[in-house]
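# What the coordinates show
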Amino acid sequence: MAFMLRNTLRRILTNGNIARHHGSVRSTTIRTHTTMTSRNFAPAADEFDRGNSTLLSSGVAALMHPGKLHRNTVSQGVDWSEGGEDALFVSRNGRVVGVADGVGTSTELLQSGLFSHLLMEEGKRVADEEGVVDPQVILQKAYDYICKRRVAGSSTACVVSLDPSKSVLRAVNLGDSGFMVIRGIGSAKVQLTGRSEPMCHYFNCPFQLAIEGQDTPAAARSYEIPTGMGDMILLGTDGLFNNMFDEEILDHITQWGCQQVQHPHSFRPEAFKALAEDLAKISQRNAADSRKDTPHHRDADRENYILRPGESMDDVTIIISRVCPATTH
């Protein structure tokens with residue numbers, strides 16, 4: 001274990017600060033107890049008077065890797081115990097959301113969990129206090145803050161914002177976290193109308209932000225996707241997308257949506273939180289099953305890489321948002 005950590009650290013410090021998602025360095029013991037953090041976000045009432053008719057109503061879930069439950073997650077005065085190396089933010093005005101996934105393993109010199117959490121905290125501050133809604137600007141400002149603080153480590157990032165005046169969703173994505181835009185919630189079959197593409201240097205090595213690294217916010221892929229009332233936006237870290245195929249996610253959301261239309265409080269933040277929790281649990285259940293066909297297993301097979309037991313297990317962070325009228329809150 002120590003040898004692998006040293007080699008990982010040496011590779012990061014000498015190869016342009018690129019780290020791999022290396023599940024083999026994590027505990028291969030899959031425990032049955034987990035820590036789930038979930039919340040719902042109804043944007044603050046004082047944000048509704050800005051002339052915007054729609055916003056994002058969101059629920060989130062963060063399920064920590066079971067092998068990390070007893071890890072020390074307090075560093076530089078920041079407690080990043082929620083989500084492990086994963087982090088997220090939801091802006092107060094209901095227009096911007098983001099997820100990040102610290103790459104690698106935390107040591108005294110390599111603190112990717114701290115990196116991802118500070119990145120998202122600063123992204124939220126920029127959106128809330130400076131009123132910035134451009135996802136590229138938010139990511140750049142958050143990254144500049146990380147560089148100023150000289151935080152070691154690295155992280156993927158995905159930031160999505162809603163522009164109600166033009167009925168479009170704008171997003172930037174760097175690495176293998178990502179987003180999906182889903183239409184037809186409550187119908188017999190939902191439709192995928194937009195999706196980010198993962199960005200990787202090679203297997204298990206996503207594009208990632210790091211101080212003095214070769215990947216910067218300028219390398220992030222930008223998206224502009226038409227969106228409308230009732231559309232669902234799902235953001236997730238690779239703990240979700242490595243362990244569930246898109247079709248699985250869409251099928252589960254289809255079933256969930258058909259159940260929701262039967263209830264008087266359909267499509268409220270509390271319901272989105274419950275859906276995010278379900279998907280996170282399914283993802284970790286798939287990861288724990290070495291016989292389960294998953295995207296991660298297929299990617300490994302293509303690279304002739306033999307996954308060790310438990311290597312697909314990961315933190316899972318999910319934000320589920322729906323475009324809704326501001327007047328519904």
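Calculation rules
- Residues numbered from 1 in each chain as written.
- Predicted model: local features only at pLDDT ≥ 70, side-chain atom pairs only at ≥ 80, totals over all residues.
- Heavy atoms only, no water.
- Helix = DSSP H or I, 4+ residues; strand = E, 2+ residues; numbered from the N terminus.
- Expected span 1.5 Å × (residues − 1).
- Buried < 20%, exposed > 50% of the residue type's maximum accessible area, 1.4 Å probe, protein only.
- Core = buried A, V, L, I, M, F, W, Y, C linked by side-chain atoms within 4.5 Å.
- Contact = heavy atoms within 4.5 Å.

### Brief notes about helix α2 (residues 112–129)
For α2, with 18 residues, the first-to-last C-alpha span of 25 Å sits near the 26 Å given by 1.5 Å per residue. Across the 18 residues that make up α2, a large majority, 14, are buried. Just past α2, the residue G131 takes up positive phi, approximately 70 degrees.

### Some words on the nonpolar core
The biggest cluster of nonpolar side chains holds 27 residues, and the ones touching the most others in it are F89, L119, I138, I146 and L209. Counting only elements with at least two residues in this core, the list comes to β5 (86–90), β6 (96–102), α2, α3 (135–149), β7 (155–163) and β8 (168–174). If one sorts the elements of this core by residue count, α2 sits on top with seven residues. Not counting residues up to four positions away in its chain, the partners in contact with I146 are F115, L118, L119, V151 and I211. Core analysis: the next-biggest nonpolar cluster, separate from the first, contains 25 residues, L240, I249, F272 and L279 among them.

### Describing unusual backbone geometry
Positive phi is not limited to glycine here, since R150 has a value of about 55 degrees. Following the sequence through the fold, R150 ends up in the loop between α3 and β7. Judged by relative accessible area, which is 47%, R150 ranks as partly exposed.

### Considerations on the environment of Q255
Topologically, Q255 is positioned in helix α5 (residues 246–260). Taking the relative accessible area as the measure of exposure, Q255 reaches 51% and is therefore exposed.

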